[in-house]
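# Observations on chain architecture
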Amino acid sequence: MSGPQDTQGARADAPDPLYDRLTGYAGRPAATAGTGRDPVNAPMIRHWCEAMGDTSAAYRGPDAVAPPTMLQAWTMRGLSKDSESDDGTGRSTAYDDMLGLLDGAGYTSVVATDCEQEYLRPLRPGDRITFDAVIESVSRRKTTKLGTGYFVTTRMNVRANGEPAGTHRFRVLTYRPAQRKKEPPLRPRPVINRDNAGFWAGVAEHRLLIQRCTSCTALRFPWLPGCNACAGLEWDTVEASGEGTVFSHVVMHHPRFPAFDPSGESGPYAVALIEPAEGVRVVGNVTGVPYDKVSVGLPVRLEFLRTDPGLELPVFRASEGG
Ligand code: ZN
């Protein structure tokens, strides 16, 4: 398992009173006299192997052992905190106190970063599990892509019938989330596939291409694999002259979506159904007039609008005096 890597360590001599307090917890118990909820048992081994897709014969039959990587599973409790008054976790107050200290200082987010296990003896059905855990170390303050914080490592010593069975070392990053730069909103990307790639290739050349059936000459838009009039599969294209009129339109008020609003104020905007001079109808934005000046019959002219560095779209500008 791997997670955020520290990209920048704090200078070792930089004063950090919080770090000084946190390191006071190193060596203190995170859990004492914890007990496994169930002995090592065949049903849990079977479920684990099914979930992992592990078909090894070592985990089946009368001489079965448990998969070593199940080590932590035997120490875990259920999800419900109220199910048992003696919860058996052995969790110490030191670990909670340390997390409280971090929380109070604004390091409110926690992410698991990695774990290491050592196996000292195989576990077999019937083994009774006990464990202790210690706060092994706290790192100096580090800055990661997620934010700035401290890596805290705990080490759990697991015993089976009182004999050392393995260690489970677990590391978390407790951090203050990085401030994300506010990116300007982007319009959704078109889905480009084999059926419509030619249309978008035309847009890239500032041409609005309309499909034409080579069997019956019917024009069609949007692009489709076949002709709706004659079911013909062969086609070529006609380039729109760019002249057209508004056939119909709607004004979008909600939900607000700043990427669609040329004023950037997330206000209403018009979406029009344009009838190019060649026929067919094309959905697009009308530019050059406020949304409430768009009307049926308004003459428009095709142009291309780069909405952001990754997207260019055909739009329709209201003609002079329109
Ligand atoms: Zn046709």
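Definitions and limits used
- Residues numbered from 1 in each chain as written.
- Predicted model: local features only at pLDDT ≥ 70, side-chain atom pairs only at ≥ 80, totals over all residues.
- Heavy atoms only, no water.
- Helix = DSSP H or I, 4+ residues; strand = E, 2+ residues; numbered from the N terminus.
- Rg over C-alpha atoms; globule rule 2.2 N^0.38 Å.
- Buried < 20%, exposed > 50% of the residue type's maximum accessible area, 1.4 Å probe, protein only.
- Contact = heavy atoms within 4.5 Å.
- Donors = N, O, S within 2.8 Å, 3.2 Å for Na, K, Ca; no water.
- Tetrahedral: all angles 85-135°; square planar, octahedral: opposite > 155°, others 65-115°.
- Domains from an automatic or database assignment.
- Pairing = 2+ DSSP bridges.
- Axes fitted to C-alpha atoms, helices over the stretch in contact; angles between N-to-C directions.
- Phe/Tyr/Trp six-rings, centres within 6.5 Å; stacked < 30°, edge-to-face > 60°.
- Lys NZ or Arg CZ within 6 Å of the ring centre and 35° of its normal.

Helix and strand counts for the protein stand at four helices and 15 strands. For a compact globule of 322 residues, the expected C-alpha radius of gyration is about 20 Å, and the protein comes in at 33 Å, more than 25% above that figure. When burial is assessed residue by residue, the protein has 36% of its 322 residues classed as buried. Summarising the internal contacts of the protein: among those between residues at least 6 apart in sequence, 66% fall at separations of at least 24.

The next point concerns unusual backbone geometry. Note the cis peptide between F221 and P222, where omega equals 0°. Among the structural elements, P222 can be located in the loop between strand 9 (219-220) and strand 10 (235-239). For A33, which is not a glycine, the phi torsion comes out positive at approximately 55°. Within the secondary structure, A33 sits in strand 2 (residues 29-35). Among the residues examined, A33 registers a relative accessible area of 61% and is labelled exposed. Although it is not a glycine, H206 sits at a positive phi angle of roughly 60°. Assignment of secondary structure puts H206 in the loop between helix 4 (197-204) and strand 8 (209-213).

Right, let's talk about the coordination of the zinc ion for a bit. Those protein atoms acting as donors to the zinc ion are C213 (SG), C216 (SG), C227 (SG) and C230 (SG), and they sit at 2.2 to 2.4 Å. One way to put it: the four donor atoms around the zinc ion meet at angles of 98 to 114°, and that makes the site tetrahedral. When the donor residues of the zinc ion are listed from N- to C-terminus, their spacing reads C-x2-C-x10-C-x2-C. One end of the pair, C213, is in strand 8; the other, C227, is in the loop between strand 9 and strand 10, and 14 residues separate them in sequence. Note on accessibility: C213 and C227 belong to one class, buried.

Attention shifts here to the domain arrangement of the protein. With domains assigned, the protein is organised as domain 1 (7-177) and domain 2 (197-318). Between domain 1 and domain 2, the C-alpha centre-to-centre distance is 58 Å.

This paragraph deals with the sheet that holds strand 10. Taken in spatial order, the three strands line up as 9-8-10 in an open sheet, and their pairing is antiparallel. Each end of this open sheet is capped by a strand with a single partner; those strands are strand 9 and strand 10. Of the strand pairs in this sheet, strand 8 and strand 9 are connected by two bridges, and their pairing is antiparallel. Residue pairing across strands places R212 opposite L219, the latter belonging to strand 9.

The next subject is the environment of R128. Mapped onto the secondary structure, R128 falls in the loop between strand 3 (109-119) and strand 4 (129-138). The exposure class assigned to R128 is exposed, which follows from its relative accessible area of 56%. Sequence-distant contacts of R128, that is, excluding residues within four places in its chain, are made with P39, R159, A160 and N161.

Strands belonging to one sheet form pairs held by backbone hydrogen bonds; the direction of such a pair is parallel or antiparallel. In space, the five strands of this closed barrel follow the order 11-12-13-15-14, with mixed pairing throughout. Strand after strand, the sheet turns through a mean of 50° between neighbouring axes, direction not considered. Pairing between strand 12 (residues 269-276) and strand 13 (residues 282-287): four bridges, direction antiparallel. When the sheet's bridge partners are listed, L273 is paired in strand 13 with V283. Running at roughly 70° to strand 15 (residues 311-318), helix 4 makes contact with strand 14 (299-308) and strand 15 of the sheet.

A regular strand places its side chains on the two faces of the sheet in alternate fashion. Bridge analysis of strand 11 (residues 243-252) against strand 14 gives three bridges, and the strand direction is antiparallel. Bridge pairing in strand 14 places T245 opposite P299. Where strand 11 and strand 12 come together, eight bridges link them in antiparallel fashion. Its bridge partner lying in strand 12, G244 is registered against P276.

What follows concerns the packing of aromatic side chains. Taken as a whole and judged by the stated rule, the model has five aromatic pairs. Relative to F221, the ring of F199 lies with its centre 5.4 Å away and its plane at 70°, an arrangement referred to as edge-to-face. Taken as a pair, F199 in helix 4 and F221 in the loop between strand 9 and strand 10 lie far apart in primary sequence, 22 residues in all. The two residues F199 and F221 agree in class, both being buried. Among the aromatic residues, ring-to-ring pairing joins F199, W200, F221, W223 and W235 into one connected group. The ring of Y107 is capped by R176, whose NZ or CZ atom sits 4.5 Å from the centre of that ring. Its guanidinium or amino end placed over the ring of F247, R281 lies 3.5 Å from that ring's centre, counting from NZ or CZ.

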